[in-house]
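The primary structure of each chain is shown beneath.
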Amino acid sequence: MNRTIAAPKGVPEYLPPASAAFIAVREALSRPARHSGYGYIETPIFEETALFARGVGESTDVVSKEMYSFTDRGGRSLTLRPEFTAGIVRAVIEHGLDRGQLPVKLWTQGPCFRYERPQAGRYRQLQQVNVEAIGGDDPALDAEVVWLAVAGYRGLGLTGWRLDLTSLGDRSCRPAYRELLQQFLRKLDLDEETRRRVEINPLRVLDDKRPEVAGQLVDAPLMPDHLCAGCERHFDAVREHLTDLGVSWSDAPRLVRGLDYYTRTTFEFVHAGLGAQSGIGGGGRYDGLMADLGGQPLSGIGFGLGVDRALLALEAEERVVVSGGRVSVYVVPLGEEARRRALVVATELRRAGVAADLAFGGKGLKGAMKAADRSGAVCAVILGERDIAEGVAQCKDLQSGTQRAVPLVDLVRTLKETLES
RNA sequence: GUGGGUGUAGCUCAGCUGGCAGAGCACCGGGUUGUGGUCCCGGGUGUCGUGGGUUCGAGUCCCAUCACUCACCCCA
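Quick look at the structure, then. (Residues numbered from 1 in each chain as written. Chains lettered and ligands numbered in written order. Predicted model: local features only at pLDDT ≥ 70, side-chain atom pairs only at ≥ 80, totals over all residues. Heavy atoms only, no water.)

**Focus on a nonpolar patch on the surface**
What counts is decided by this rule: Like charges are joined within 9 Å and nonpolar side chains (Val, Leu, Ile, Met, Phe, Trp, Tyr) within 5 Å, but only among residues with over 30% relative accessible area and no salt bridge; these make up the patches. The Shrake-Rupley method, run with a 1.4 Å probe sphere, supplies the accessible areas, and residue values consider only the shown protein chains as cover. Should a side-chain nitrogen of Lys or Arg be within 4 Å of a carboxyl oxygen of Asp or Glu, the pair is scored as a salt bridge. Put simply, DSSP marks the helices as runs of H or I at least four residues long and the strands as runs of E at least two long, and each gets a number from the N terminus on. Note on classification: 1.4 Å probe, protein chains only; a residue is buried when its accessible area is under 20% of the maximum for its type, exposed when over 50%, partly exposed between these limits.
On the surface, a nonpolar cluster with roughly 250 Å² of combined accessible area is contributed by Ile45, Phe46 and Phe70. Position of Phe70 among the secondary structure elements: in strand β3 (residues 68-71). For Phe70, a relative accessible area of 34% puts it in the partly exposed group.

Laid out in structure tokens, this is it:
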């Protein structure tokens, strides 16, 4: 049986011309970090499985059922990264970046992988823009990081989103709250799997959207009401800074994130136009992660923004993002001799910084002109045998249709001048 | 892992109670042996997802299977 091979399940592909929007989104989301003192870090796409188990947390769905794991030829268990933070923190510790000036501010972008059932906006290979600031617990750093994401969305022209913000407390106040919440949850009528979650990770139960569960949670104790004095002060200060920066948010006391390492400031960006998967980005503080992974006990904060989802959000808002890959000049050869010259002419234009393309193969004049039209070029350069014999080329303005002969020696200069005017 | 929907041309899709595989767009050629975008003429580019069954006859009905898709859980 000879079947054609299709892409693996649940992976998005971006083809031209639509792929130009993908690049533009990634660019816009990372621009604020690039202009705010964050250095680029490139970490591997796969890591030791143990890193994610320890870093992200055994009790999370991401680790317990969504990891793309495999054994390599040396018998090591490796996993395609489901998120960036664990790998970045590992790299910071491994290379001693935390021994220099703090905070260490880093950004990155690329694919992450989760073995999930795909649906609208949820892919097995997802693209994120990621930012981390490690080694600082100044509330101003929290605000800066949140602002970087806000600025990214604003730079995209995205409007239909909301910032949900809360504090998840720290090791001095969360255990007591967790106990309180468990006592409340144990009294409810829940299915077996949810009961198990009450014991392992009770905060995540708060996030359940099923009406029969959500209905029982209206009187549940909420973390922001049980913060210790230190967390309370920190959270207040973060909110003051955000107000200073003109960032508005909505208090989300039931906000829970899917990864275990979050503490204190936690946030998520949601957009209404995406279908069931409404989160377009999220992050928070992870004050215990460095120590958990064997580093010095430094706090950190970061976020991941979904590039695929931001793109869907833009489409939902019917916002047109730039189209790319267009050229300014299209060279049309006529005849064998001209065909050889066409590549040279196009290359000279390219060397001079003019985006140029040309007709290849045995296309007739009509077909080549059609290609010129579709290329989006401002003008076509027609190179015929007769023209070459006279030492000229015909330059045709594709919008007005006017055409004039230009000496070949002046061609590049003339076209540059025409395009710049 | 659980539930629903859909598989027909490159794309979007039509195809009735079973009777010669279709439309629009795209693409290619010509009208114009040296001129695109408009117009006119011509061209179907197909394993009707796959395998089996019922039938004189299956895109259509039945069974299985695969793929895609939406939703749940969960998440970017």
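Alright, that's what it looks like, and here's the rest.
**As for the packing of helix α1 (residues 19-34) against helix α5 (residues 139-156)**
In a packed pair of helices, the relevant descriptors are the angle between the two axes and the axis-to-axis distance. As a reminder, the rule being used: In this analysis, axes come from line fits to C-alpha atoms, helices being fitted only over the stretch in contact, and the angle between any two N-to-C directions falls in the range 0 to 180 degrees. Orientation is classified from the angle alone, with under 35 degrees giving roughly parallel, over 145 giving roughly antiparallel, 65 to 115 giving roughly perpendicular, and any other angle giving oblique. In this scheme, a crossing is called left-handed if the near helix is turned counterclockwise away from the far one by less than a right angle; it is called right-handed if the turn is clockwise. Contacts are assigned to residue pairs that have any heavy atoms within 4.5 Å of one another. When residue character is reported, Ala, Val, Leu, Ile, Met, Phe, Trp, Tyr, Cys and Pro are called nonpolar, Asp, Glu, Lys and Arg charged, and the others, Gly included, polar.
One way to put it is that α1 packs onto α5 with a least axis distance of 7 Å and a crossing angle of 140 degrees. Comparing their axes, α5 and α1 come out oblique. Handedness of the α1/α5 crossing: right-handed. Only Leu148, Ala151, Gly152, Tyr153 and Leu156 of α5 make contact with α1, whose side of the interface consists of Ala24, Val25, Ala28, Leu29, Pro32 and Ala33. Residues belonging to the contact of α1 with α5 are distributed by class as follows: ten nonpolar, one polar and no charged.

**As for the environment of Gly10**
Among the secondary structure elements, Gly10 is positioned in the segment before α1. With a relative accessible area of 18%, Gly10 lands in the buried category. Through-space distance from the C-alpha of Gly10 to that of Arg122 is 7.9 Å; in sequence the pair is 112 residues apart. Each residue touching Gly10, except ones within four places of it in the same chain, is listed here: Pro118, Tyr123, Arg124 and Gln125.

**Looking at the state of the cysteines**
Each disulfide consists of a covalent bond between the sulfur atoms of two cysteine residues. Selection criterion: A pair of sulfur atoms, both from cysteines and within 2.5 Å, is called a disulfide here.
Within the structure shown, the criterion is met by zero disulfides. Its sulfur unpaired, Cys173 is 3.5 Å from the next cysteine sulfur, which belongs to Cys228. Free cysteine: Cys395, not disulfide-bonded; nearest cysteine sulfur from Cys379 at 6.0 Å.

**A few points about the protein's contact with RNA strand B**
Using the following cut-off: In this text, near means that some heavy atom of the residue lies within 4 Å of the molecule or strand in question. Between N or O atoms, a polar contact is any pair within 3.5 Å; within protein, one atom must be a potential hydrogen donor and the other a potential acceptor, and residues adjacent in sequence are included only when both atoms are from side chains.
In the vicinity of RNA strand B, 48 residues are found, and the nearest of them are Arg114, Arg122, Arg257, Gly258 and Leu398. Close to the protein, within 4 Å, the atoms of RNA strand B belong to sugar or phosphate groups at a rate of 52%. Contacts to RNA strand B include Asp373, whose side-chain N or O atom sits 2.8 Å from a sugar or linking oxygen. Put simply, the parts of the chain that give the surface near RNA strand B at least two residues each are α3 (61-65), β6 (125-134), β10 (279-285), α13 (365-374), α14 (385-390) and β15 (392-397). In terms of residue count, the dominant contributor to the surface near RNA strand B is α13 (six residues).

**A closer look at unusual backbone geometry**
Here the bond from Pro16 into Pro17 is cis, since omega is 5 degrees, no more than 30 degrees from zero. Residue position: Pro17 is located in the segment before α1. For the bond from Leu102 to Pro103, the omega torsion is 0 degrees, close enough to zero to count as cis. Topologically, Pro103 is positioned in the loop between α4 (85-94) and β5 (104-113). Unlike most non-glycine residues, Arg264 shows phi in positive territory, near 45 degrees. Relative to the helices and strands, Arg264 resides in strand β9 (residues 263-271).

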